[in-house]
Amino acid sequence: MAQVKVVAGTWSQYQKYCTAIRHQVFVQEQKVPPELELDALDPHCEHYLLLVNQKPVGTARISKEGKLGRLALLKPVRGHGLGRKLMQFIVARARQRGWPKITLAAQTTSLGFYQQLGFGIASETYIDAGLPHQDMVMTLAAQDQQAPEQISVAYLQTYLEQDRSGQWIVHGRQEMQIAWHALTQAAKQKIKIYAPELYLAWFDDEVMSQFTRVCRAHKYNQIQILVSQTRSLTQRTNKLVRLQQRLSSGLQIQQTHPSYRPQREAYLLVDDTHVLYLADTDAHKATLEIGRSRLALAKAAEFKSYWERAQQIKELQKTGL
């Protein structure tokens, strides 16, 4: 599965990649004059790169005043929702900074795309660089009060990438999956999971690809999973079991000691720093803490103690794993 990521930086950092993408889209495809495509605003903007398997395929920029521009995706990757991912990341960063609004000048062929994201039309049609445009605006101030409830992977990434701290109450399966994805994507060295049993819905293709990335990034990286009930692990169709076979010692699954078996409690711990904690797995409600919180530190110490007393899973040994 392709790994998709958005990164933010300065013009001096990303000029080479942004220029190449914009030249191909605006100059070669849309016939915008090269002297109009590059301008004096670039060095003063924050620039974004959309990466697919670490390859830059999209870009955009935003000024200090909140004006978005130069959004471009290479032709082969269009139509797969990647432009939306890029925009969601940019909007989340703007909200996190407390900006009141984002403005942009949209080509009229792209009005529907921006309207679906929450932008409204703010002008009549006019011509810019030979193409019809309309100004658009998204008001953020009224939505900011609810931002912690509007959890998205992009929103959480702004905290994870800037080493900021935050705490949220996660409600329902959709938000749980979003938090699960954001944390596994942020993992650099260690992922630890403690649960009564492994719920297969937690381990979709995106999470499995992140497990693979972490284990293969360095020989000492590790994923450790502690589970009480082992029934689902004995199924030959279990993707996690198959992945463990491929990743060898990088992914370890053990059974908790009878004295430490959780009834309903579960948590995902990433790099001993970020934690998604479920006091009751039946409640579909969790606490998400990003940053070196007391809860993360406590669960890291607890997990270490439980892991040292854990037991090998006989059923997995029988299957040759």
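Residues numbered from 1 in each chain as written. Predicted model: local features only at pLDDT ≥ 70, side-chain atom pairs only at ≥ 80, totals over all residues. Heavy atoms only, no water.

1. A short note on the pattern of salt bridges
Then, number 1: Inspection of the entire model under this criterion finds 13 salt bridges.
Then, number 2: Salt-bridge contacts for arginine 61 lead to aspartate 39; the nearest nitrogen and oxygen are separated by 3.0 Å. One end of the pair, arginine 61, is in strand E3 (residues 55–62); the other, aspartate 39, is in the loop between helix H2 (34–37) and strand E2 (46–52), with 22 residues separating them in the sequence.
Then, number 3: Note on arginine 61: relative accessible area 5%, which makes it buried.
Then, number 4: One salt bridge connects arginine 61 with aspartate 42, and the closest N-O pair in it is separated by 2.7 Å. Separated by 19 residues along the polypeptide, arginine 61 in strand E3 and aspartate 42 in the loop between H2 and E2 bring together distant segments of the chain.
Then, number 5: A residue is classified by how much of its surface remains accessible, and aspartate 42, at 1% relative accessible area, is buried.
Then, number 6: A single network of salt bridges, built from pairs that share partners, joins Arg22, Glu37, Asp39, Asp42, Arg61 and Arg70. (Salt bridge = Lys/Arg side-chain N within 4 Å of Asp/Glu carboxyl O. Helix = DSSP H or I, 4+ residues; strand = E, 2+ residues; numbered from the N terminus. Buried < 20%, exposed > 50% of the residue type's maximum accessible area, 1.4 Å probe, protein only.)

2. Regarding the pairing of E2
Then, number 1: The buried fraction of E2 is high, at seven of seven residues.
Then, number 2: With burial as the criterion, each face of E2 is covered, one bearing Glu46, Tyr48, Leu50 and Val52 and the other bearing His47, Leu49 and Leu51.
Then, number 3: Bridge count for strand E1 (residues 4–9) against E2 is six bridges, and the pairing is antiparallel. By the bridge assignment, valine 7 is partnered in E2 with leucine 49.
Then, number 4: Here seven bridges tie E2 to E3, and the two strands are oriented antiparallel to one another. (Pairing = 2+ DSSP bridges.)

3. Side note on the nonpolar core
Then, number 1: Within the largest apolar cluster, 42 residues are counted, with the highest numbers of intra-cluster contacts made by Phe203, Phe211, Leu240, Leu276 and Leu288.
Then, number 2: Counting residues per element, this core draws most heavily on helix H7 (residues 172–186), at six residues.
Then, number 3: Beyond its immediate stretch of four places on either side in the chain, leucine 276 contacts Val170, Met176, Ala179, Trp180, Leu183, Ala266, Tyr267, Leu268, Ala286, Thr287 and Leu288.
Then, number 4: Among the nonpolar cores identified, the runner-up in size contains 41 residues, and Ile21, Tyr48, Ile62 and Leu82 belong to it. (Core = buried A, V, L, I, M, F, W, Y, C linked by side-chain atoms within 4.5 Å. Contact = heavy atoms within 4.5 Å.)

4. Re the pairing of strand E13 (residues 266–270)
Then, number 1: The buried count for E13 comes to five of five residues, which makes it a mostly enclosed element.
Then, number 2: Burial along E13 is two-sided: the residues Ala266, Leu268 and Val270 and Tyr267 and Leu269 are all buried.
Then, number 3: Bridging between strand E10 (residues 190–195) and E13 involves four bridges; their strand directions are antiparallel. If you follow isoleucine 191 over to E13, its bridge partner there is valine 270.
Then, number 4: Here E13 runs beside strand E14 (residues 274–278); their pairing, made up of five bridges, is antiparallel. Its bridge partner being in E14, valine 270 is matched across the sheet by histidine 274.
Then, number 5: Connecting the antiparallel pair E13 and E14 is a turn made up of three residues, with aspartate 271 showing a positive phi of about 55°.

5. Topic: the packing of H7 against helix H8 (residues 205–217)
Then, number 1: Two elements in contact, H7 and H8, have axes whose closest approach is 9 Å; the angle formed by their N-to-C orientations is 15°. As the angle between them shows, H7 and H8 are arranged roughly parallel. Note that H7 runs across H8; the crossing there is left-handed. From H7, Trp180, His181, Thr184 and Gln185 reach across to H8, where they touch Glu206, Val207, Gln210, Phe211 and Arg213. (Axes fitted to C-alpha atoms, helices over the stretch in contact; angles between N-to-C directions. Parallel < 35°, antiparallel > 145°, perpendicular 65-115°, else oblique. Left-handed = near helix turned anticlockwise from the far one by under 90°.)

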